[in-house]
Amino acid sequence: QVQLVESGGGLVQPGGSLKLSCVASGRIFSIYRMAWYRQAPGNQRELVATMTDDGSTNYADSVKGRFTISRDNTKKTVYLQMNSLEPEDTAVYYCNVRPLRNGPNYWGQGTQVTVSS
């Protein structure tokens, strides 16, 4: 089994920054793709950022240039650095890990990010 534990959410002002962490543990030996999703009340869950095992990244247009996904292989941790936060970024953020291509996904518990003055 794979367990993902998120941290780093909170309340920040518009224009502020926040860094989310997601630590993977359990029976995991490699990661094909890691990703961050978010979901606000009344909205669909959307894909925010992805990183594949070759280091390639992709971002949603809404966060391009503001968010950065990264990883620390030694710590088995994926990060999401969020800069220039906007009220529209308010959502529950979830990390997602897919160890194998076309294999199952594993989800974190989610962490609340609230951007408000």
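This write-up is about the structure you can find in this document. Note that the structure is a prediction, hence the values are computed from the model and not measured.

What counts, and at which threshold
Residues numbered from 1 in each chain as written. Predicted model: local features only at pLDDT ≥ 70, side-chain atom pairs only at ≥ 80, totals over all residues. Heavy atoms only, no water. Helix = DSSP H or I, 4+ residues; strand = E, 2+ residues; numbered from the N terminus. Salt bridge = Lys/Arg side-chain N within 4 Å of Asp/Glu carboxyl O. Buried < 20%, exposed > 50% of the residue type's maximum accessible area, 1.4 Å probe, protein only. Core = buried A, V, L, I, M, F, W, Y, C linked by side-chain atoms within 4.5 Å. Pairing = 2+ DSSP bridges. Axes fitted to C-alpha atoms, helices over the stretch in contact; angles between N-to-C directions.

1. Some words on unusual backbone geometry
Okay, step 1: Residue serine 84 is not a glycine yet carries a positive backbone phi of 50°.
Okay, step 2: Along the polypeptide, serine 84 turns up in the loop between β8 (77-82) and β9 (91-98).

2. Considering the pattern of salt bridges
Side chains that differ in sign of charge can pair as their charged atoms come close.
Okay, step 1: This structure, assessed with the given rule, holds four salt bridges.
Okay, step 2: Among the ionic pairs, arginine 66 bridges to glutamate 86, the shortest N-O distance being 3.9 Å. Of the two residues, arginine 66 is situated in the loop between β6 (57-59) and β7 (67-72) and glutamate 86 in the loop between β8 and β9; the sequence distance between them amounts to 20 residues.
Okay, step 3: Of the residues examined, glutamate 86 reaches a relative accessible area of 33% and is grouped as partly exposed.
Okay, step 4: Here the residues in one salt-bridge network are Arg38, Glu46, Arg66, Glu86 and Asp89, joined through shared partners.

3. Here we look at the nonpolar core
Okay, step 1: The biggest cluster of nonpolar side chains holds 29 residues, and the ones touching the most others in it are Trp36, Ile69, Leu80, Met82 and Tyr93.
Okay, step 2: Mapped onto this core, the elements with two or more residues apiece are β1 (2-7), β3 (18-26), β4 (33-39), β5 (46-52), β7, β8, β9 and β11 (111-115).

4. With respect to the sheet that holds β7
Okay, step 1: Reading across the sheet, the four strands line up as β1-β3-β8-β7 and stay open at both edges, with antiparallel pairing between neighbours. Looking at which strands have only one partner, the edges of the open sheet turn out to be β1 and β7. Across the sheet, the mean angle from the axis of one strand to that of its neighbour is 20°, orientation sign disregarded.
Okay, step 2: One ladder, built from six bridges, connects β3 with β8; its direction is antiparallel. Looking at β8, one finds that lysine 19 is bridged to glutamine 81.

5. Here we look at the pairing of β3
Okay, step 1: Sheet analysis places β1 next to β3, joined by six bridges and oriented antiparallel. Looking at β3, one finds that valine 2 is bridged to glycine 26.

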